[in-house]
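The lines below spell out each chain.
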Amino acid sequence: MIVINARFLTQKITGVQRYALEICKRLPKEIAGEKILFVSPKISDSKVFNPDINLIQIGQFSGQLWEQLDLPIFLKKNKNPLLVNLVGIAPIFYKNKIMALYDLAFKHYPEWFSYKFQKSYNLLIPLSLKNTKTVVTDSFYVKDDIHKTYKIKKSNIHVVYAAPSKIFHQMDLKRENFFLTVSSIDPRKNLKRIIEAFNLIKSDYKLVIVGSKHKTFSGLSLEENLLNERIIFTGYLEDDELIELYNKAEIFIYASLFEGFGIPPLEAQACGCPCIVSNTTSLPEVYADSVEYCDPHSVESIKEKMNYLLNNHPRRVQLKKMGQLNSKRFDWDLSAKKFENIIAEHIL
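The shown structure was predicted, so the numbers you read here are calculated from the model rather than taken from an experiment.

Asker: Can you help me understand the overall build of the protein in this one?
Answerer: The helix and strand inventory of the protein stands at 12 helices and 14 strands. The C-alpha radius of gyration computed for the protein amounts to 21 Å, which stays within 12% of the reference 20 Å derived for 348 residues, consistent with globular compactness. Here the protein holds 348 residues, and the buried ones make up 56% of them. Split by element, the accessible area of the protein, about 15600 Å² in all, is 53% carbon and sulfur. Treating the 47 positive side-chain charges of the protein as one cloud and the 38 negative ones as another, the clouds have centres 6 Å apart.

Asker: Which parts of the structure should I look at to understand the pairing of strand β3 (residues 34-41)?
Answerer: Regular strands place their side chains on alternate faces of the sheet. With six of eight residues buried, β3 is to be regarded as a mostly interior element. Sheet topology note: the strand β1 (residues 2-5)/β3 ladder contains four bridges and is parallel. Opposite V3, over in β3, you have L37 as the bridge partner. Counting the residues that bridge the hairpin from strand β2 (residues 30-31) to β3 gives two residues, and of these A32 lies at a positive phi of roughly 50°. With four bridges joining them, β3 and strand β4 (residues 55-58) adopt parallel strand pairing. By the bridge assignment for β4, V39 is matched with I56.

Asker: What's the story with the environment of L200 in this structure? I'm lost.
Answerer: You can see L200 is positioned in the loop between α6 (191-199) and β10 (206-210). Expressed as a C-alpha distance, the spacing of L200 and E300, which sit 100 residues apart in the sequence, is 9.0 Å. Filtering out sequence-adjacent residues up to four positions away, L200 remains in contact with V299 and K303.

Asker: What is the right way to look at the packing of helix α1 (residues 15-26) against helix α12 (residues 332-345) in this model?
Answerer: Their axes nearest at 9 Å, the elements α1 and α12 cross at an angle of 75°. Taken together, the axes of α1 and α12 lie roughly perpendicular to each other. Contacts between α1 and α12 pair Y19, E22, I23 and R26 from the former with W332, D333, S335, A336 and F339 from the latter. Residues of the contact of α1 with α12, tallied by class, amount to five nonpolar, one polar and three charged.

Asker: Help me understand the sheet that holds strand β12 (residues 249-254) in this model?
Answerer: Adjacent strands of a sheet form backbone hydrogen bonds with each other and so pair up, either parallel or antiparallel. Sheet architecture is open: six strands sit in the order β11-β10-β9-β12-β13-β14, paired in parallel fashion. Bordering the open sheet on either side are β11 (231-235) and β14 (292-294), each of which pairs with just one other strand. Neighbour-to-neighbour, the strand axes of the sheet open up by a mean angle of 25°, direction not taken into account. Bridge count between β10 and β11: four bridges; the pairing is parallel. The partner of L207 across the bridge, within β11, is I231. Docked against the sheet, helix α7 (residues 239-248) engages β9 (176-182), β10 and β12, running at close to 130° with respect to β9.

Asker: Explain the side chain of K303 here, please?
Answerer: Along the polypeptide, K303 turns up in helix α10 (residues 299-310). Filtering out sequence-adjacent residues up to four positions away, K303 remains in contact with A197, L200 and I201.

Asker: Would you mind going over a nonpolar patch on the surface with me for this structure?
Answerer: A cluster of nonpolar side chains, namely F61, L65 and L69, defines an oily patch on the protein surface of about 270 Å² accessible area. Mapping L69 onto the fold places it in helix α2 (residues 63-77). Of the residues examined, L69 reaches a relative accessible area of 38% and is grouped as partly exposed.

Asker: Where do I start with the pattern of salt bridges in this structure?
Answerer: If charged atoms from side chains of opposite charge come close, those side chains can pair. The full count for this structure, using the stated rule, is 17 salt bridges. Across the salt bridge formed by R26 and E22, the nearest N and O atoms sit 2.7 Å from each other. Within this pair, R26 and its partner E22 are both found in helix α1, separated by four residues, close to a single helical turn. What makes R26 partly exposed here is its relative accessible area of 25%. Taking relative accessible area as the criterion, E22 reaches 3% and is therefore assigned buried. The network of salt bridges with common partners includes E22, K25, R26, K166, D331 and D333.

Asker: What should I look at first to understand the side chain of S120 in this one?
Answerer: Position of S120 relative to the elements: it lies in helix α4 (residues 115-130). Apart from the residues lying within four places of it in its own chain, the contact partners of S120 are Q64, I89 and I125.

Asker: Where do I start with α2 in this structure?
Answerer: Three- or four-residue spacings in an α-helix give side chains the same orientation, since the helix completes a turn every 3.6 residues. Taking 1.5 Å of rise per residue, 15 residues should cover 21 Å, and α2 covers 21 Å from first to last C-alpha, within 8% of that figure. Here α2 has its buried residues at W66, E67, D70, L71, F74 and L75. On its buried side, α2 packs onto β1, β3, β4 and β5 (82-85). In the stretch just after α2, K79 is the one whose phi turns positive, near 65°.

Asker: So what exactly am I meant to see when it comes to the environment of L180 here?
Answerer: Summarising the element assignment, L180 is placed in strand β9. With relative accessibility at 0%, the residue L180 sits in the buried group. Sequence-wise, L180 and C273 are 93 residues apart; in three dimensions their C-alpha atoms are separated by 9.5 Å. If near-sequence neighbours (up to four positions away) are discounted, L180 is found in contact with V208, V210, L245, Y246, A249, I251, F252 and I253.

About the thresholds
- Residues numbered from 1 in each chain as written.
- Predicted model: local features only at pLDDT ≥ 70, side-chain atom pairs only at ≥ 80, totals over all residues.
- Heavy atoms only, no water.
- Helix = DSSP H or I, 4+ residues; strand = E, 2+ residues; numbered from the N terminus.
- Rg over C-alpha atoms; globule rule 2.2 N^0.38 Å.
- Buried < 20%, exposed > 50% of the residue type's maximum accessible area, 1.4 Å probe, protein only.
- Areas by Shrake-Rupley, 256 points an atom, 1.4 Å probe, with all protein chains shown as cover.
- Lys, Arg positive; Asp, Glu negative; His and termini not counted.
- Charge placed at Lys NZ, Arg CZ, Asp CG, Glu CD.
- Pairing = 2+ DSSP bridges.
- Contact = heavy atoms within 4.5 Å.
- Axes fitted to C-alpha atoms, helices over the stretch in contact; angles between N-to-C directions.
- Parallel < 35°, antiparallel > 145°, perpendicular 65-115°, else oblique.
- Nonpolar A, V, L, I, M, F, W, Y, C, P; charged D, E, K, R; others polar.
- Patch = residues over 30% accessible without salt bridge, like charges linked within 9 Å, V, L, I, M, F, W, Y side chains within 5 Å.
- Salt bridge = Lys/Arg side-chain N within 4 Å of Asp/Glu carboxyl O.
- Expected span 1.5 Å × (residues − 1).

In structure tokens:
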């Protein structure tokens, strides 16, 4: 038996949950003769992606208590099978596991996160890494970071890229005069500088910001004088609404300060929207020459790139074509197959 820690099915879908869902959708029911079992807390509104999956709900707790208490008890009762942990810390003392870790922002920038989150991650992630068979991450940038920070052998860290879901595609919709950014409302997404840069641009464009706040992150302070009727916060959107916005936006901007991969610009590219992306961390690895790059620490750099694309239609057309080609470099089917092979290699 292979157990998938399916606590992510009880969580709102953001980047890491989408990664877990897309990989799990494509895993076979058996790997190397071992059946796959999804195990989650007892929550009635869990997002089951396939009614045919082998899912059981166990335990008395939820959240991290479930992961550190209920799940290990279940594993011990079932002869300590291989555990695949795609989201979160994983049971820290359980050794027969594969653990996914998408970035180390909590380590390098603890001030971006709630006190509880960053303390628990900085205490428990090193313990969990020490007690894992192998680590999976989403870029070579993060692989190098994990190796340098926690002294994990590079040979024991596997890169499995994310990809845009196939639901993100170009539609026959008229582009409208607005910039779009999609992210959680948290400090690393750099929304304050994006808004400051936008406010320096003289145009009739609007700025649409999609995303919601989460208890994981520290508060984001935006002065009232930065906000105006041209800046629209939509909150969290379901995928069909998001796809429509990607197809209507003239320009997508993602001036994030730190990313392990960064899926939203790929989704925008798949929908034919030209992108401005930060020139830092994993983003140049993922986006190569298919975007305009900005310095996320410089309001002037962000403003210049926004102005440049706003006033350069031929470049927007070029980036649209290059972006769609770039988005096709990443494929969930290929990533899931690679993940399947990693699981097969680590079955006892």
